[in-house]
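An overview of the molecular structure
Spelled out, the chains give:
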Amino acid sequence: MSKQINIALIGNPNTGKTSVFNELTGLNQKVGNYPGVTVEKKEGICKLPRGIKAHVIDLPGTYSLNTTSLDESVAVEMLLNKKDKNHPDVALVISDVENLKRNLLLFTQIKDLKIPAILVINMADRMSRKGISVDIPLLEEKLNTKIALISTREETGLDYLKELIADFKNLSVNQNVDISGIDPEYFEKLKGTFPNEDLYKLWLVITQDVNFMPIEKTLIKDASSFETKSTSELKRLQQKETILRYQFINGVLKETYTVDAMAAKGIRASLDKLLTHKVFGYLIFFLILLLIFQAIYDWSAYPMDAIDSFFASASEWVKTTLPAGVFTDLLAEGIITGIGGIVIFIPQIAFLFLFIALLEETGYMSRVVFLMDRLMRPFGLSGKSIVPLISGTACAIPAVMATRNIENWKERLITILVTPFTTCSARLPVYLIIIALVIPEGRFLGLSYQALTLMLLYLVGFGAAILSAMILNKILQIKNRSFFVVEMPNYKLPLLKNVAYTVWEKTKSFIFGAGKIILAISVILWFLGSFGISDNFKNAETIIQNRIDTDGFSEFNQSTMESQLAEYKNSLNDGIVKKEYQINEMHFADSLLAKKTTLKKIARSQEIASFKLENSFIGYAGKAIEPVVKPLGYDWKIGIAILTSFAAREVFVGTLATIYSVGSGEENTDTITQRMAAEVNPQTKKPVFNLASGISLLLFYAFAMQCMSTLAVVKRETNTWKWPAAQLVFMSVFAYIVALIAYQFLK
Amino acid sequence: MGTTVAHLKRGQKGIIKEFADDFLPIKLLELGCLPGNEVELIQIAPFQDPIYINVNGSHIAIRKSMALLIELELIEDVNNR
């Protein structure tokens, strides 16, 4: 029977705390939420010596227990509340050897909470390079703790750390700093009123509200009623506390920590000169962005094609292997297609997050935030908004979640609201097919018009984001202080293990966050598209058969069948010539006939499917909204496709394929494109997909909020339905108007 | 208003004197921005905002509005590059 203890990992950002967490828990980790709040809870299981099992929680990186965000508040609550089931039996305070002084602030606070704490000094591998030496035994004595000097990069010291943890009962719980010194009279009174509580704990509870927006407090409610001090007085006392702590720390380090000033200044200074340069800094960033997008585009093409054909064949296999019926259809066309629609984006999303994680691990991202902050501020955004905005080009869902590190609530809210304007990967299939259809050939400055249009669409998305941010900035009346601090860590080589974990976590959030919703809506739409109550629907087979008997197959199908038959004939002849087989004339004719029959069967089932879709629930919905979309240049068929895009934007292409009765197992885009090009408006006799309607459609997809999953995440992150509802309304109306103007202007 | 962090030139150093308390977030102090500690300006972004400083060993960037609240005393630039 192994005992289970609780460990909490706490420390400054950039100390390698995540690496320690990864080392301790391996793959036994998961990310969830604290109950009732949108704060990420990262936990895992660690096996320690002597059969002890530990439940490890990785608390958000913070510089002190004086909280400035919801994340930190939740962490502190857990540390203050002994009854919390996650309350740690031992806290590991992770620090890095170069910033030890600052890291110790947090350490002394934890110690003062009387929680058994181990000081973990990471990045030991940098000590010689920086000329740093630490007298560990003396430091242990002065801080009243045990110290583990480790290096997550070189993977040293970890076993010793685990020993120390297993031995946690022997840790001292004496406090480091006596804070009553900052105002003896006040603390005397406190002690008198609450004789059984730790002074520092009381102090923390009292000052929590001072720094931050109110949160649900489950703690010592009485303490807050003791406030006989004004806010500014409390703040002043907090400052005194900080000074007091640093005095203690300076005293401790004076004897135990030495730096050889002659040691190399390090490459941070020289790299910073270049990367934050007024001109080169931006140039370099721009080039890096270009490189990233190019790489993503190129690299994800192969896996995406593979995934596409895999799911298409899986769907076919199910249809042919399982007995025909509703359930088979549901599986093949609802579920498998739905899952395929989610999986196909994984390569793009994973690659983008790979690059972002690399930039963050090296420390470069802070420099980008530094460069971009002033540029973003006129639009109500922060320098820290740059990561969500870039991530939005993969998928808005993890992008919105990435806004959590923006301290300023107004800036964070605006970033969340405008990120969905950036061109996400789901819009690409729609863009590509429409561009192929309506944008003419030709080049301008060496780039094809088609490529230029695509680039323009990206710029339009980004531009819309920035502009709406600016408008929101003026409209939203949210009072807040501009509070911006970014640490500029040392540059370092990225630890691939950490990068891998991060990419995995973010991709997972897309798969499960968006996945559930996309799948659910796919199934619903499949249902609405496969069933109908009209007579037309019920008698589809007969009706179509009659139509074929009288009018023959549709023009498009006829020409396709002819060319396919001709192709088959040629291959037969080839085979004869090459002596692969010998058949006589009668067999030759028989083969051709057999092939023709098969082709006819396929064409027939496609036309039936198309007719059924037209007369299904969703077909009727499409026809019902036709008057609304007509001014935009669309017909009811496109209307249906727009409706189905609410599952996921890329479903647009598949829906059109069905409507135009192009087989789903075909060499996709080419056939669909040809078919769409051939579609003619029965009234105007002009092609449905022309420049005007094409551009109108492109702009509609650029601006419309069709992604239910994004709305769900926004709701979670803003804790209300107000904002996603506003997003939906605003973006849809805006998309409609822009598409309308575009079509009316261009037609 | 005396000389503040916002007035530093690249490479210049100063010793922090005091600040306009109520509006300065405690986080800044916790990062080491305390009276008596040394501040060095490393880089200024275009438009003089944000400001990248080394305060007490912590390399951080802050906005100009905050830098204006931190008063300091300049250390005469001793050539030590």
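Residues numbered from 1 in each chain as written. Chains lettered and ligands numbered in written order. Predicted model: local features only at pLDDT ≥ 70, side-chain atom pairs only at ≥ 80, totals over all residues. Heavy atoms only, no water.

1. Focus on the packing of helix 3 (residues 100–112) of chain A against helix 10 (residues 231–256) of chain A
Residue and element names in this part refer to chain A. Axis separation between helix 3 and helix 10 bottoms out at 9 Å; the angle between their running directions is 115°. Put simply, helix 3 runs roughly perpendicular to helix 10. At the point where helix 3 passes helix 10, the crossing takes the right-handed sense. Here Leu100, Lys101, Arg102, Leu104, Leu105, Thr108, Gln109 and Asp112 of helix 3 lie close against helix 10, whose contacting residues are Glu241, Thr242, Arg245, Tyr246, Phe248, Ile249, Asn250 and Leu253. Of the residues that constitute the contact of helix 3 with helix 10, the class distribution is seven nonpolar, four polar and five charged. (Axes fitted to C-alpha atoms, helices over the stretch in contact; angles between N-to-C directions. Helix = DSSP H or I, 4+ residues; strand = E, 2+ residues; numbered from the N terminus. Parallel < 35°, antiparallel > 145°, perpendicular 65-115°, else oblique. Left-handed = near helix turned anticlockwise from the far one by under 90°. Contact = heavy atoms within 4.5 Å. Nonpolar A, V, L, I, M, F, W, Y, C, P; charged D, E, K, R; others polar.)

2. Focus: the interface of chain A and chain B
Contact with chain A, which involves 42 residues of that partner, is made by 34 residues of chain B. Both sides of the chain A and chain B interface together cover about 3400 Å² of buried area, and 57% of this is carbon and sulfur. Our count for the chain A to chain B interface comes out at 13 residue pairs in polar contact (both at pLDDT 80 or more). A per-class count over the side of chain A that touches chain B returns twelve nonpolar, 14 polar and 16 charged. Two elements, strand 12 (residues 485–487) of chain A and strand 4 (residues 58–62) of chain B, share three bridges in a ladder whose sense is antiparallel. The residue of strand 4 of chain B that forms the bridge with Glu487 of chain A is Ile60 of chain B. (Buried area = accessible area lost by both parts, 1.4 Å probe. Polar contact = N/O pair within 3.5 Å; in protein donor to acceptor, adjacent residues only side chain to side chain. Pairing = 2+ DSSP bridges.)

3. With respect to the confidence of the model for chain B
The predicted coordinates should not be examined in detail at positions where pLDDT is low. Of the residues in chain B, 88% have a pLDDT of 70 or more, and the chain-wide mean is 83. Under the prediction, the complex receives an ipTM of 0.90, its pTM being 0.78. (pLDDT = per-residue confidence, 0-100.)

4. Quick look at the sheet that holds strand 4 of chain B
Each strand in a sheet pairs with its neighbour through backbone hydrogen bonds, running either in the same direction (parallel) or in the opposite one (antiparallel). Read across the sheet, six strands follow the order 12(A)-4(B)-3(B)-2(B)-1(B)-5(B) without closing on themselves; strand pairing throughout is antiparallel. Edge strands, defined here as strands with exactly one partner in the open sheet, are strand 12 of chain A together with strand 5 (70–75) of chain B. Geometrically, the sheet is characterised by an average inter-axis angle of 40° between neighbouring strands, direction not taken into account.

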